[in-house]
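This is what each chain is made of:
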Amino acid sequence: MAARPRLWARASSAVPLQDHMLFVGTLLGVGEAEVDQKCLNVENLVIGRGPETEIVDKKCSRHQVQLTADCNKGYVKVKQIGSNPTSVDSVDIGKNQEVKLKPGETLHMVNNLYPYMVEFLEGTSAAFLKKGEEKKSCNKRPSESGDGPKKCGRMDTETSVSSSKTSKNTEPTTSEKPNHVPEVKNQGHWSQGLKVSMQDPTMQVFKDDKLVVIKDKYPKARHHWLVLPWESISSLKALRVEHLELLQHMHSVGEKMIQEHTKLSNTKFRLGYHAIPSMSHVHLHVISQDFDSQCLKNKKHWNSFTTDYFLQSEDVIEMVKLNGRVTVKNGVSELLKSPLQCHVCKQPQSTIPQLKEHLRKHWAQ
DNA sequence: GTTCTAGAAC
DNA sequence: GTTCTAGAAC
């Protein structure tokens, strides 16, 4: 094991690196000759049952998954090679199929066992796969006893950094931190920014034991809030029936925000989710329909809030009720390229500046 | 997600 | 010439 800690230490001395981490990306400034071939294959790392993972379960193939890190895009492509199911956020990949594993999502190597998460190191081209904890009986939802947010035995950053059973080479860790969910440090990639913002008291405009509301850092309208659950839910894909109550609560808190901030006005709002959000961690947009904002700059911004790319909160809740999960239509990303059109009068607009000028007409009404 | 900028569109 | 978009880089 000696070679790996030495390598990791050079990757970033700021992060307490330890056993049970597998390197997946390309490292700047470290010669490949120094690299332990068992844990690193720059482009295609194939792992499964074996010493790297310490998995001995025969259900897991020696070549269970093939991993390819894309550090710029912030995900690791996971291809299931073995016959038994590998899953990402409880969705089976399928033999010879490939899915993206993003930070915050959990990869189960086989049969919903042997969890891993990916972490990127900022400023490097390095991605690490970190071993998680097996599922505990701990409920996913925070305690109902009303004594505030609690961390349960899930694999979030704090857990993964501080709780390795066999950790021997770690520097003093930060395990004595407040009992908050989820603790976020060294998330690295920009797509993890919401997890940092939601923890920042200066960003929070409301919170209770289930969720927090923050102002969007780059609001696309006069009023634009994000409602985020404390529970680490990476995306819509991970939503299940057990989240229904939470989704409804998020919706009603969103409505409360609207009431409280627009008491005397008849400002229109919509509450909903982006079909394929750029940022990790489920977040409900609560946005006024004036779209009067300098941060609204391009077609993608516009279409993400005014086409069916924007999934209404009620529809998402209904979908989870009926189907037990949220499905997003194939090709929904194409909607972001739709021709510009006023969301009020449907009049086509040729450019963003023209659209923004046109929108002024509707403000007075 | 944003920023930057080359080059398309005007 | 300027405006605007879209894709790469972060």
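Residues numbered from 1 in each chain as written. Chains lettered and ligands numbered in written order. Predicted model: local features only at pLDDT ≥ 70, side-chain atom pairs only at ≥ 80, totals over all residues. Heavy atoms only, no water.

(A) View of the protein's contact with DNA strand B. Within the structure, DNA strand B sits among Trp190, Tyr218, Lys220, His274, Pro277, Ser278, Met279, His285, Lys297 and His301. In DNA strand B, atoms within 4 Å of the protein come 52% from sugar and phosphate. At 3.5 Å from a base nitrogen of DNA strand B is found a side-chain nitrogen or oxygen belonging to tryptophan 190. In the model, a phosphate oxygen of DNA strand B is placed 2.7 Å from a nitrogen or oxygen of the histidine 301 side chain. (Near = heavy atom within 4 Å. Polar contact = N/O pair within 3.5 Å; in protein donor to acceptor, adjacent residues only side chain to side chain.)

(B) Geometry of the sheet that holds strand β2 (residues 45-47). Strands sit in the order β2-β3-β4-β7 across an open sheet of four strands; the sheet is antiparallel. Unpaired on one side and paired on the other, β2 and β7 (98-101) mark the two borders of the sheet. Averaged over all pairs of adjacent strands, the angle between strand axes in this sheet comes to 30°, irrespective of strand direction. For strand β4 (residues 75-80) and β7, the ladder comprises four bridges, and the chain directions are antiparallel. Residue pairing in the sheet places valine 76 in a bridge with leucine 101 of β7. (Pairing = 2+ DSSP bridges. Helix = DSSP H or I, 4+ residues; strand = E, 2+ residues; numbered from the N terminus. Axes fitted to C-alpha atoms, helices over the stretch in contact; angles between N-to-C directions.)

(C) Quick look at the pairing of strand β14 (residues 269-274). When you tally the buried positions in β14, you get five out of six residues, the bulk of the element. Of the strand pairs in this sheet, β14 and strand β16 (residues 310-312) are connected by three bridges, and their pairing is antiparallel. For tyrosine 273, the partnering residue across the bridge sits in β16 and is leucine 311. (Buried < 20%, exposed > 50% of the residue type's maximum accessible area, 1.4 Å probe, protein only.)

(D) Local environment of the packing of aromatic side chains. Per the counting criterion, the structure on display carries four aromatic pairs. Taking the centre distance of 6.3 Å and the plane angle of 50° together, the rings of phenylalanine 291 and phenylalanine 305 count as tilted. A residue pair is termed long-range when its members are at least 10 positions apart, and phenylalanine 291 in the loop between β15 (284-288) and α5 (299-306) and phenylalanine 305 in helix α5 qualify at 14 residues. Here a set of aromatic residues connected by ring pairs shows up, and it is made of Phe291, Trp302, Phe305 and Phe310. Against the face of tryptophan 363 rests arginine 222, its NZ or CZ located 4.7 Å from the ring centre. (Phe/Tyr/Trp six-rings, centres within 6.5 Å; stacked < 30°, edge-to-face > 60°. Lys NZ or Arg CZ within 6 Å of the ring centre and 35° of its normal.)

(E) Looking closely at the protein's contact with DNA strand C. Neighbouring DNA strand C are the residues Trp190, Thr351, Ile352 and Pro353. In the interface set of DNA strand C, defined as its atoms within 4 Å of the protein, sugar plus phosphate atoms amount to 73%. At a separation of 2.9 Å, a phosphate oxygen of DNA strand C approaches a polar backbone atom of isoleucine 352. Residues that form the surface near DNA strand C fall into these classes: three nonpolar, one polar and no charged. (Nonpolar A, V, L, I, M, F, W, Y, C, P; charged D, E, K, R; others polar.)

(F) Summary view of the sheet that holds strand β13 (residues 224-229). Taken together, the six strands give an open sheet; going across it, the order is β11-β12-β13-β15-β14-β16, and neighbouring strands pair in antiparallel fashion. The two strands at the open ends of the sheet, each matched to only one other strand, are β11 (204-207) and β16. With direction set aside, neighbouring strand axes in the sheet form an average angle of 30°. Strands in contact with helix α6 (residues 313-323) are β14, β15 and β16; relative to β16, the strand with the most contacts, it is inclined by about 70°. (Contact = heavy atoms within 4.5 Å.)

(G) Spatial organisation of the pattern of salt bridges. Counted under the stated rule, the structure contains seven salt bridges. Among the salt bridges present, the one from lysine 237 reaches glutamate 105, with a minimum N-O distance of 3.8 Å. Taken together, the positions of lysine 237 in the loop between β13 and α4 (244-261) and glutamate 105 in the loop between β7 and β8 (107-110) put the pair 132 residues apart, joining distant regions of the chain. With relative accessibility at 45%, the residue lysine 237 sits in the partly exposed group. Residue classification places glutamate 105 among the buried positions, given a relative accessible area of 3%. Glutamate 318 is the partner of lysine 321 in a salt bridge, and the nearest nitrogen-oxygen pair spans 4.0 Å. Taken together, the residues span about one helical turn, with lysine 321 and glutamate 318 both in helix α6 at a distance of three residues. For lysine 321, a relative accessible area of 44% puts it in the partly exposed group. A residue is classified by how much of its surface remains accessible, and glutamate 318, at 38% relative accessible area, is partly exposed. (Salt bridge = Lys/Arg side-chain N within 4 Å of Asp/Glu carboxyl O.)

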